Amino acid sequence: MKWAYALAVASMSVACSAGATGADTSTPAAAEPAVAAAAPRAPEPAARRAPKPAARREVTVPSGTTLALDLATALASDTSQVEDTVRATLREDVKAGGQTVLPAGTELVGTVTAVERPGRVKGRAKLAYQFSSLQHNGARYEIRTEAIAHEGEATKSEDATKIGVGAGAGAVIGGLLGGGDGAAKGAAIGGGAGTGVVLATRGKDLRLGPGTNVTTHLTSPLRVSVKG
């Protein structure tokens, strides 16, 4: 019995020792993954950014400013009519406040205001027009300008020549036919014929082709929107 009791005690001692000193065979818990820091947001591509509108300001072109122009429309006293459209472009820059406000090439639009053909006895051809608007940077501006008037050449010397030639020819013919008396009569008849030619013939019509240089002036201030 003693040996059985001793064996049981020894078995219990071994079991307790093994429980106290045995290695931990359990699998350690997996470490919690670290929370990743939020990545910074990439800047928006330049192409997607809305462009900032260019700064603009109003500049006043004063009344009296000279406008040097090139006509873009052909005009003539025998074909043009009142209220026909007239176009022209600036031949030179218009400056105000130390900067170019209206560059050369700016288009102006207006209308014919008067047309007069030359008379058969006297009078010259006349043509007048005026500009009322211009186009700049896609915007239309109302303007007021002086009327531009043209007058045709006088034909008095040519008329006198026609009458003189008629009188001279009549005198020669009259002299051949009837001596001195006939020459005087012939001159009167010839002169009358020459006058008839003048009365039946108009003077020279006035014609202005594209590219004709003309000049006018603003008759009221013009406010224009410019960059800067």
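Our structure's up above, just so we're on the same page.
Definitions and cut-offs
- Residues numbered from 1 in each chain as written.
- Predicted model: local features only at pLDDT ≥ 70, side-chain atom pairs only at ≥ 80, totals over all residues.
- Heavy atoms only, no water.
- Core = buried A, V, L, I, M, F, W, Y, C linked by side-chain atoms within 4.5 Å.
- Buried < 20%, exposed > 50% of the residue type's maximum accessible area, 1.4 Å probe, protein only.
- Helix = DSSP H or I, 4+ residues; strand = E, 2+ residues; numbered from the N terminus.
- Contact = heavy atoms within 4.5 Å.
- Salt bridge = Lys/Arg side-chain N within 4 Å of Asp/Glu carboxyl O.

(A) Structural view of the nonpolar core. Counting residues in hydrophobic clusters, the biggest one holds 30 residues, and the most contacted among them are Tyr129, Phe131 and Leu222. At the level of secondary structure, the elements contributing two or more residues to this core comprise strand 1 (56-61), strand 2 (66-71), strand 4 (85-90), strand 5 (94-96), strand 6 (99-102), strand 7 (107-116), strand 8 (126-136) and strand 13 (222-227). Per-element tally for this core: the top contributor is strand 8, with four residues. Those residues within four positions of Leu222 in sequence are excluded, and the remaining contacts are Val59, Thr60, Val61, Leu102, Leu134, Tyr141, Glu142 and Ile143.

(B) Structural context of the pattern of salt bridges. Evaluation of the coordinates by the stated rule reveals eight salt bridges. Across the pair Arg124 and Glu151 runs a salt bridge, and its minimum N-O distance is 3.5 Å. One end of the pair, Arg124, is in the loop between strand 7 and strand 8; the other, Glu151, is in strand 10 (residues 148-151), with 27 residues separating them in the sequence. Overall, the relative accessible area of 46% leaves Glu151 in the partly exposed class. For Glu153, the salt bridge goes to Lys204, with nearest N and O atoms at 3.7 Å. Remark: Lys204 occurs in the loop between helix 2 (156-200) and strand 11 (207-208) and Glu153 occurs in the loop between strand 10 and helix 2; sequence separation between them is 51 residues. With a relative accessible area of 54%, Glu153 lands in the exposed category. Each of Arg124, Lys126 and Glu151 takes part in one network of salt bridges that share partners.

Everything listed here is a matter of coordinates, which is why it stays silent on function.
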